[in-house]
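Each chain is listed here by its residues.
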Amino acid sequence: MEKWLRLTAVLVLACSLCACKKLKELREGPGGPVPFDEGGTEDAGVVGVEGTYTGSGTNPDGGSYECDVTVSREGDAYNVMWYFDGRPGYEGAGILKGSTFVVGFAGPQGYGVVAYSVKRDGSLDGTWAGKGGSKAGTEKLKKK
Amino acid sequence: MKVFAFVVLTCALAAAALGDVAGEYRGEGTNPGGQGSYTCDVKITRSGDVYDVQWFFDGALGYEGIGIVKDGLFCVGYASGQGYGVVVYEVKDGGTLEGIWTTPGFDGLGRETLTKK
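Residues numbered from 1 in each chain as written. Chains lettered and ligands numbered in written order. Predicted model: local features only at pLDDT ≥ 70, side-chain atom pairs only at ≥ 80, totals over all residues.

Some details on the confidence of the model for chain A
When the pLDDT values of chain A are averaged, the result is 80; 67% of them are 70 or greater. Across residues 20-46 of chain A the pLDDT falls below 50, and counting only partners more than four positions away or on other chains, this stretch makes 33 contacts in the model. (pLDDT = per-residue confidence, 0-100. Contact = placed C-beta atoms within 7 Å.)

This is the structure we're talking about:
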């Protein structure tokens, strides 16, 4: 019986540790917050995402694409434009929250959301989804 | 046996705490620039890797959105006949979602708190 109790105690401890770790991940993301962003939420001044980027992405169906992206600040929010072969394709409204840049976008083919992790080198590592789909795509932006 | 029940309960509670954001919520928000406040009902349903979000005002569907979880944040792009925008929610203890939002044409940020029904 004592063995069972010990085993149970270990199980409870393991469960608690696992839960704490997962909760922390849920709040801060898998790698924790980016160090340069100490204490910053909604503080768009801490990390600048403004600029022009070249982008490459994958569609939820597995295809890939390339694009050019401009990000400009508008007060506490951001305006984002995606260009394909030099032509404007989608337009978005963005919010910088800590080290995550989140943009709602719309265009002729519908609307969606993209969320980028802001990396230390200024690149943006994104996940996106368009309305009507059930899978996510990816998009990486590098500053020009 | 009681001990095992405790273990199961602990694990179940841990799982519930990590549970996804799907559900029905009561929402309270303020518009950017202090331009008024509003209440709404919000329904979030999971669809594969993404979430469908619907905002109801006085029982009528007002906005629809699509959401993903990234860096522990629930990120939603929404649209309606009146345009589009973005909301970023932090997932709080008890499953409450605390959001900030914006839409083109507003320089400021609005706020929206969703409490599970």
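Having seen the model, we can carry on.
Let's talk about the sheet that holds strand 3 (residues 50-57) of chain B
Residues and elements named next belong to chain B. Taken together, eight strands build a closed barrel; the order of strands is 1-2-3-4-5-6-7-8 and the barrel is antiparallel. Between one strand axis and the next, the sheet turns by 30° as a mean value, whatever way the strands run. Two elements, strand 3 and strand 4 (residues 60-70), share seven bridges in a ladder whose sense is antiparallel. Within the sheet, the bridge partner assigned to Y51 lies in strand 4 and is G67. (Pairing = 2+ DSSP bridges. Helix = DSSP H or I, 4+ residues; strand = E, 2+ residues; numbered from the N terminus. Axes fitted to C-alpha atoms, helices over the stretch in contact; angles between N-to-C directions.)

Section: the confidence of the model for chain B
Residues and elements named next belong to chain B. Of the residues in chain B, 84% have a pLDDT of 70 or more, and the chain-wide mean is 88. Here residues 11-18 is a poorly scored stretch, pLDDT under 50, and it has nine contacts once near neighbours within four places are set aside; other chains count. If you check the scores for this complex, the pTM reads 0.78 and the ipTM reads 0.84.

Topic: the environment of E98(B)
Relative to the elements of secondary structure, E98(B) occurs in strand 7 (residues 97-102). Each residue touching E98(B), except ones within four places of it in the same chain, is listed here: Y89(B), E90(B), K92(B) and T113(B).

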